[in-house]
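Chain residues, written in single-letter form:
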Amino acid sequence: MTDATLGLASLPQQNVLVKVEDGIAWVTLNRPSKRNAINPGIVFEMVQVMDVLEMEDSARCVVITGAGDAFSAGQDLKEYFREPDAGHPIARERLHRANAAWQWRRMMFYSKPTIAMVNGWCFGGAFQVLLACDLAVADEEATFGLSEINWGIIPAGIVTKSVAMALSQRKALYYILTGETFNGRTAEDIGLVNFAVPKDQLVARTTAIAKKLIEKNPQVLRAAKTAYHYTRDMSWDAAAEYLASKNDQTAFRDPEKGASKGMNQFLDEKSYRPGLGAYRRD
Ligand code: COA
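Residues numbered from 1 in each chain as written. Predicted model: local features only at pLDDT ≥ 70, side-chain atom pairs only at ≥ 80, totals over all residues. Heavy atoms only, no water.

Caption draft 1: Quick peek at the domain arrangement of the chain. Under the domain assignment used here, the chain contains domain 1 (3-214) and domain 2 (218-268). Inter-centroid distance (C-alpha atoms) of domain 1 to domain 2 is 28 Å. Domain 1 puts 11 residues into the contact, and the matching count from domain 2 is 8 residues. A combined buried area of about 810 Å² lies between domain 1 and domain 2, and 59% of that area is made up of carbon and sulfur atoms. Looking at the side of domain 1 facing domain 2, the largest losses of area belong to F109, S111 and M165, adding up to 55% of the total buried there. Between the two partners, domain 1 and domain 2, sit 1 salt bridge. A salt bridge links K225 to D134, with the shortest nitrogen-to-oxygen separation between them at 2.9 Å. In this assembly, domain 1 and domain 2 are joined by 5 residue pairs in polar contact (both at pLDDT 80 or more). In terms of residue class, the side of domain 1 that touches domain 2 is made up of 7 nonpolar, 2 polar and 2 charged. (Domains from an automatic or database assignment. Contact = heavy atoms within 4.5 Å. Buried area = accessible area lost by both parts, 1.4 Å probe. Salt bridge = Lys/Arg side-chain N within 4 Å of Asp/Glu carboxyl O. Polar contact = N/O pair within 3.5 Å; in protein donor to acceptor, adjacent residues only side chain to side chain. Nonpolar A, V, L, I, M, F, W, Y, C, P; charged D, E, K, R; others polar.)

Caption draft 2: The sheet that holds strand 8 (residues 143-145), seen in detail. Read across the open sheet, the 4 strands follow the order 4-6-8-9; overall the sheet is mixed. If you trace the sheet from one side to the other, it starts and ends with strand 4 (70-72) and strand 9 (182-183), each paired once. Judged from the 2 bridges that link them, strand 4 and strand 6 (residues 121-123) form a sheet pairing that is parallel. Pairing of A70 across the sheet is with W121, part of strand 6. (Pairing = 2+ DSSP bridges. Helix = DSSP H or I, 4+ residues; strand = E, 2+ residues; numbered from the N terminus.)

Caption draft 3: How the structure looks around the site of the ligand. Near the ligand you find 14 residues, and of these K34, R35, A73, L77 and S147 are the closest. A distance of 3.4 Å separates an oxygen atom of the ligand from a polar atom in the backbone of S33. At 2.5 Å, a side-chain N or O of K34 approaches an oxygen atom of the ligand. (Near = heavy atom within 4 Å.)

Caption draft 4: Structural view of the packing of helix 9 (residues 218-231) against helix 10 (residues 236-253). The interhelical angle for the contact between helix 9 and helix 10, taken along N-to-C directions, is 165 degrees, at an axis separation of 10 Å. In this view, helix 9 runs roughly antiparallel relative to helix 10, as classed from their interaxial angle. The way helix 9 lies across helix 10 gives a crossing that is right-handed. Touching Q219, V220, A223, T226, A227, Y230 and T231 of helix 9 are A239, Y242, L243, K246, T250 and R253, all from helix 10. (Axes fitted to C-alpha atoms, helices over the stretch in contact; angles between N-to-C directions. Parallel < 35°, antiparallel > 145°, perpendicular 65-115°, else oblique. Left-handed = near helix turned anticlockwise from the far one by under 90°.)

Caption draft 5: Highlighting the sheet that holds strand 5 (residues 114-118). Here we have 6 strands laid out as an open sheet, ordered 1-2-3-5-7-10, and mixed in their pairing. Strands with a single pairing partner mark the edges of an open sheet, and in this sheet they are strand 1 (16-21) and strand 10 (195-197). When strand polarity is set aside, the average angle formed by the axes of neighbouring strands in this sheet is 20 degrees. By the bridge criterion, 3 bridges tie strand 3 (residues 61-66) to strand 5 in an arrangement that is parallel. Paired with V63 across the two strands is I115, which belongs to strand 5.

Caption draft 6: Structural view of helix 3 (residues 89-108). For helix 3, spanning 20 residues, the distance from its first C-alpha to its last is 27 Å, which sits close to the expected 28 Å at 1.5 Å a residue. Where helix 3 is concerned, the buried positions are L95, A98, N99, A100, W102, Q103, R106, M107 and M108. Contact partners of the buried residues in helix 3: helix 1 (40-55), strand 3, helix 2 (77-86), helix 4 (126-132) and helix 9. (Expected span 1.5 Å × (residues − 1). Buried < 20%, exposed > 50% of the residue type's maximum accessible area, 1.4 Å probe, protein only.)

Caption draft 7: Fine view of the nonpolar core. The biggest cluster of nonpolar side chains holds 51 residues, and the ones touching the most others in it are M46, L130, F144 and L192. Of the residues forming this core, the biggest block, 8 residues, is contributed by helix 1. The contacts of M46, once residues within four sequence positions are left out, are V16, V27, L29, I64 and W102. With 13 residues, the next largest nonpolar core counts I24, C61, V63 and L213 among its residues. (Core = buried A, V, L, I, M, F, W, Y, C linked by side-chain atoms within 4.5 Å.)

Caption draft 8: Layout of the pairing of strand 2 (residues 24-29). With 6 of 6 residues buried, strand 2 is to be regarded as a mostly interior element. Residues of strand 2 alternate between two faces, with I24, W26 and T28 on one and A25, V27 and L29 on the opposite face, all of them buried. Note: strand 1 against strand 2, 6 bridges, orientation antiparallel. Counted as the bridge partner of K19 is W26 from strand 2. In textbook terms, the turn of a hairpin is the stretch between consecutive antiparallel strands, and for strand 1 and strand 2 this stretch comprises 2 residues, one of which, D22, has a positive phi near 50 degrees. Both strand 2 and strand 3 contribute to a ladder of 6 bridges, which runs parallel. Across the sheet, the residue bridging to I24 is C61, located in strand 3. As for the winding sense of the linkage, the β-α-β connection from strand 2 through helix 1 to strand 3 is right-handed. (Right-handed = clockwise from strand over helix to strand, strands pointing away.)

Right, here's the structure in full:
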C-alpha cells in the first residue's frame, strides 16, 4: 500500500491524471492512444491515486473519466492478459490482485462518493470501474459493450457478478452472450448509468451531481453506501439488526453530530425541512 499521507504532489501523473478543484477530484485514465486500456501502469497508479485521494481533505468527491474519446477499452489485451499470462505466475497474481484492489474492493467501499463520467468507449473490464462507482453519467453517444464473448473469454475479473447485480437477468445475459454494443441512452434505460446527456453537458451534469454529494455529511454518506452494499447479501432480520447498529455507530462517530443538529433545526428552530434539503452544516 502507498503512503497515502504523501499527498497529491507524490502522484506520478502519467497513466492517470489527477486534479482537484472545488472539492471534486477529477481522475482521468490517460492512455488515449490505447483508448485508456487498463495496463499494469494504470493498475498500479490507480491503487496509489485512490490511496492518496482518500486521505486528501480537499477531495470530497471523486470523478473517474478517460482522456480522449474513450472512457476505457477495458483491460489491456496485451499488457494485462497476454504478456502476464506468459510471464511469472506470481507476478501475474500480484497484478490481478492490485487490479481487484482498485477496481472493486477499494472503490465499492471507498470513503468518499465516486462518479463514473463515461465520455466514450466503455468495454469489458471498464464495466467493473463503472459499476464500482456509486453513480454514473454518460455521453448519450458513448459506446458500451461486454465484448469478451467476441474474443473467446467470459467477462471475468468480477465483471459478470457486477453486471448481474446491476441489470435484470434478461438484459445482463443478452449483453454477456451477444457482445452487442449499446449507447449511453440505452445504458440509462437499462439502469447501467444514472443519466445520459449530450457530450457538451457531460462535465456540467457530473459537476452538479458531485456538488450535491459534497453538501452532505461525509460520515453519513460513507455509512449509507457501506450499508447498501452489505445489506444486499443479508437476510431481512440480519439487515434490520445491522442497520440499527450502523445507524447508532454513525451517529456516535459523526464529528458534526448531524442527526441531532438536523432534528433541532426542524423540530425546535423550525428553520428547515429535511424532506427538501440538507440541514445547515455550519
Ligand atoms: N487492449 C489493448 N490495446 C487496445 C485495447 C485493449 N483493450 N483497446 C484498444 N487498444 C489499442 C489498439 O491495439 C490500438 O493500438 P495501436 O495503435 O498500437 O495499433 C489503439 O489502442 C487504438 O485502437 P483502435 O482499435 O485502432 O481504435 P478505434 O478507435 O478504431 O476502436 C475500440 C476503439 C475500443 C472499438 C477498439 O480499440 C476495440 O475494440 N478495443 C478492444 C475493446 C475490448 O474488447 N475490450 C475488452 C477488454 S476486457
